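# Chain and residue survey
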Protein chains: 4
Amino acid sequence: MKDVQNEKDTRNIPIDRVGVTSVSYPIVVLDPKENLQHTVANVTMAVSLPRKFRGTHMSRFLEVLNEFKGRVTLESLEQVTVDLKRKLNASGSEVKIEFPYFINRKAPVSGSTSYTRYDVVFWASYDEHFDFTMKVTVPVQTLCPCSKEISEYGAHNQRAKVSIEVRMNKRIWIEELVDVAESCASSPVYTLLKRKDEKFVTEQAYSNPRFVEDVVRDVALKLDQDDRVDWFSVSVVSQESIHNHDAFASLVRDKRS
Amino acid sequence: MKDVQNEKDTRNIPIDRVGVTSVSYPIVVLDPKENLQHTVANVTMAVSLPRKFRGTHMSRFLEVLNEFKGRVTLESLEQVTVDLKRKLNASGSEVKIEFPYFINRKAPVSGSTSYTRYDVVFWASYDEHFDFTMKVTVPVQTLCPCSKEISEYGAHNQRAKVSIEVRMNKRIWIEELVDVAESCASSPVYTLLKRKDEKFVTEQAYSNPRFVEDVVRDVALKLDQDDRVDWFSVSVVSQESIHNHDAFASLVRDKRS
Amino acid sequence: MKDVQNEKDTRNIPIDRVGVTSVSYPIVVLDPKENLQHTVANVTMAVSLPRKFRGTHMSRFLEVLNEFKGRVTLESLEQVTVDLKRKLNASGSEVKIEFPYFINRKAPVSGSTSYTRYDVVFWASYDEHFDFTMKVTVPVQTLCPCSKEISEYGAHNQRAKVSIEVRMNKRIWIEELVDVAESCASSPVYTLLKRKDEKFVTEQAYSNPRFVEDVVRDVALKLDQDDRVDWFSVSVVSQESIHNHDAFASLVRDKRS
Amino acid sequence: MKDVQNEKDTRNIPIDRVGVTSVSYPIVVLDPKENLQHTVANVTMAVSLPRKFRGTHMSRFLEVLNEFKGRVTLESLEQVTVDLKRKLNASGSEVKIEFPYFINRKAPVSGSTSYTRYDVVFWASYDEHFDFTMKVTVPVQTLCPCSKEISEYGAHNQRAKVSIEVRMNKRIWIEELVDVAESCASSPVYTLLKRKDEKFVTEQAYSNPRFVEDVVRDVALKLDQDDRVDWFSVSVVSQESIHNHDAFASLVRDKRS
């Protein structure tokens, strides 16, 4: 059969990225407590395409994905990007794995346990060298300092999402970034709270009012002090309970420069 | 050209609904203050298909939609369903128009104005007779009565969505269902609030704690007393600020039976 | 601490459903080939609330969910609905579990394997008796019979989704409903196809043109003949490649009446 | 009332962006044929925050939005970014306006008209100077050259989305980018097609097979030759009808360097 993709292309235009996206796939990730965690990923895989070829061979992306039997680690992702570069004769390759990750959490007073979901993105690329970032999105509660200050009683509060993305020089666990995010918010959120826990969380949030600006800065302070982090990006989106829109703050820092 | 859709079908199976969906289209709806409001709709149109025909003629749905030049009213929807039934030789027809509707609102203290978005669904069908429902989804704030009662200070609160769907025997405006929903919540939400408004809204919510159960019941009480309403469905979904999941309550009542 | 939810309510309005929704949770489901499959569910749990109580106890839903350690089967869902009814003193209870399910599939010619995702919903309720439905959504290809007939060459085709929901009197596996859906479409879709597979699938679809009306009727014929099925609902949504909107067809049949 | 946002901050961390997002608002944009088009926008507005202030004043974003009465043009966006910078004492400001835009299109043979939706993003910022990009996403059809070549008959085809984002030195209309995208695909898509149009579009696509790689390169060639374009980014995502995932290609070019 004719290999149309392999035809010579005369338009003289290299393509930055060609590949597959929105591939839903079962994967296994490392879990420091339970060793391995099964979850479901949304996968994107791509390579750069030199000017001389008409197309890439899309089926090879899925073959590479299969070879790793869904085992997604920092090490396997480096191997995947190396394999993609080689098998597709590309000058660069890229893989993005987005997945929900669950941690078994204890309620603050009753100790009742339940799973909380955190959304994680592993992004890896290999152009001239291997590059990797891990992003964790953590649901938290924010309570508005202005609302508390100006009101006779009460203060508006709401669910917010803290996203922390890092480039690291030593392993950092998902659990560690969750801890950073939660410790900088007005309060963590939990899946299961008994009445005494609800009292605790309500009072904790009221005692720790935080603007999105506060959360983003406090996360930045912690990551600045962590020598394993070379680069980071933080954003906070707060689903304001007095509006039908969200407030947000974000910053990016490169500690290597 | 051969009319494949018109072929005789021997499987002897009538189809409940055949049509087009996710059609994005500019429309115009009635606005009691500004006469007409331009907005963007997501349209579904369908007919029932008798057992003897192989297929329906999908292009005719769009022709009917075009004939009304995007003018969506109770009256035009009745005409659309009648036209669909006739033009497609069907025993029944159905149209669903989903759109955002904006109302210019005043902040409670400063009087500053801004638009708030409400999501509306007009659903019309004509089988043996014309049937029509209007559904309005209203963003509000709920503040938890339990959290307020058991905590020394503060109370968790959050954005919630109240959806009210009605069958009516006399015209009811979108604005009226918005008022019902907001009056049954802990507080309305606003797009623009100055500091004195934020104080007002915070205190109003703290003074009006409401479970989703309370909101759904209070809305039901109001609609029970409104003689223009023959049938209603109410649901409330509250984006709990202490959890990463939602609480909800719903009920349906047919006053005709 | 005061039990606000347990307060007497004087509004005299029973509520159809009160509960939690959008709970993301890790679950385990039965897999006839690999015994068990780990996946991630979106969970809704609710009960009816008698007129005399002000509120339900939301934390109990999560406690019940935890007790089953995420093991979701027809049997465990019956137990969950029974437990919810009892623990929450309700006249009825309801659980909905939505999850992606993966089947390892062979490409039609090369035999290369890869996982394909199917979206499954288990819905269970217990009012006066236990009720259960299983819904499976299957991605397929549809090729338009009209386009093929009237064109000199080619025919428009596209990805479509077939959703089959059944009430059953004997166990039916997810895999069986996937087979029904695929056998009624122009062609299945696959995650990994080598070039000879792509040729096969392209020709298979061109040889099996199907309107959404055809797919829905052929699925209905098969389910009509399956004595394990008491009731079914079928819908097909086709992402028309010549439009920016979708075509759909749907029908519901109750074989018990 | 105390101005908490204005408090001195000692953490010494400037924030890149602080603001509001997911604000749904009615807007008016220029339409070369009908002069003005009413539509509904999703708005993000932000400023940079100097290290010395604790927070920004979120309500001012909405006040600025209101002052322009929803009139969104290149000129008004420059004014909005200037106003935001000044009113919020910021070193930089940013506005993103995402909206559906409708063009009344003629079917290729019958000339029947209907509206097609294109998704547009205006992004403007003012740090040291004003910067503006316009992005238009265009639904099209792609037909696979490989599938056509290797199959005895037929070829898989599908809906695809072409996104073109440009920085320009002279006005370019949304309509012009739509034309570029459609002319580089296998065929445009239409909302309303009569049978003779469907024949035309089917044959046109079969005669113009295009990989995502082809589309992205052909768009790049056209934008390279347009002197009004200083910088561009193109991506194509094709909803492969033989898979349940998408193929994509993307490239970015800066003609100024």
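Residues numbered from 1 in each chain as written. Chains lettered and ligands numbered in written order. Predicted model: local features only at pLDDT ≥ 70, side-chain atom pairs only at ≥ 80, totals over all residues. Heavy atoms only, no water.

Going by an unreviewed UniProt entry, chain A carries the name GTP cyclohydrolase FolE2 and comes from Thermovirga lienii. As stated in UniProt under Catalytic activity (unreviewed entry), the record for chain A gives "GTP + H2O = 7,8-dihydroneopterin 3'-triphosphate + formate + H(+)". Looking at chain A in UniProt, the text filed under Function (unreviewed entry) is "Converts GTP to 7,8-dihydroneopterin triphosphate." (UniProt positions renumbered as here; feature names shortened; annotations may be inferred.)

Here we come to the relation of the copies chain A and chain D. Both copies of the chain are tied together by a single rotation about an axis and a shift running along it. Least-squares fitting of chain A to chain D yields an RMSD of 0.0 Å, with the transformation described by 0.0 Å of translation along the axis and a rotation of 180 degrees. Such a turn and shift between the copies fits a two-fold axis. No C-alpha of chain A approaches the rotation axis more nearly than that of V252(A), which lies at 11 Å. Take the interface residues of chain A: 100% of them recur as interface residues in chain D, which is what a same-surface contact looks like. (Least-squares fit on C-alpha atoms with pLDDT ≥ 70 in both. Contact = heavy atoms within 4.5 Å.)

As a further point, take the domain arrangement of chain A. Residue and element names in this part refer to chain A. When its domains are assigned, chain A resolves into domain 1 (1-99) and domain 2 (107-257). On a C-alpha basis, the centres of domain 1 and domain 2 stand 31 Å from each other. Across the contact, 22 residues belong to domain 1 and 17 residues belong to domain 2. Summed over both partners, the interface of domain 1 with domain 2 buries about 1700 Å², with 60% contributed by carbon and sulfur atoms. Looking at the side of domain 1 facing domain 2, the largest losses of area belong to P32, L74 and F99, adding up to 32% of the total buried there. Here domain 1 is connected to domain 2 by two salt bridges. A salt bridge links E75 to R171; the shortest N-O distance between them is 3.8 Å. In this structure, the connection of domain 1 to domain 2 is made through seven residue pairs in polar contact (both at pLDDT 80 or more). Contributions of two or more residues to the side of domain 1 that touches domain 2 are made by β1 (15-31), α2 (74-87) and β4 (93-106). In terms of residue class, the side of domain 1 that touches domain 2 is made up of nine nonpolar, four polar and nine charged. (Domains from an automatic or database assignment. Buried area = accessible area lost by both parts, 1.4 Å probe. Salt bridge = Lys/Arg side-chain N within 4 Å of Asp/Glu carboxyl O. Polar contact = N/O pair within 3.5 Å; in protein donor to acceptor, adjacent residues only side chain to side chain. Helix = DSSP H or I, 4+ residues; strand = E, 2+ residues; numbered from the N terminus. Nonpolar A, V, L, I, M, F, W, Y, C, P; charged D, E, K, R; others polar.)

This brings us to the interface of chain A and chain D. Chain A puts 54 residues into the contact, and the matching count from chain D is 54 residues. Taking both sides of the interface into account, the surface hidden between chain A and chain D amounts to around 4200 Å²; carbon and sulfur atoms contribute 58%. Inspection of the region where chain A meets chain D yields 12 salt bridges. Here K2(A) makes a salt bridge to E149(D), at a shortest N to O gap of 3.9 Å. Our enumeration of links across chain A and chain D arrives at 34 residue pairs in polar contact (both at pLDDT 80 or more).

What follows is about the pairing of strand β7 (residues 157-168) of chain A. Residues and elements named next belong to chain A. Within β7, 11 of the 12 residues are buried, leaving the element largely enclosed by the surrounding structure. Note that strand β6 (residues 130-143) and β7 share 10 bridges and pair antiparallel. Bridge pairing in β7 places M134 opposite V166. Relative to strand β9 (residues 229-238), β7 runs antiparallel, the two being bridged by nine bridges. Note that in β9 the partner of I164 across the bridge is V234. (Buried < 20%, exposed > 50% of the residue type's maximum accessible area, 1.4 Å probe, protein only. Pairing = 2+ DSSP bridges.)

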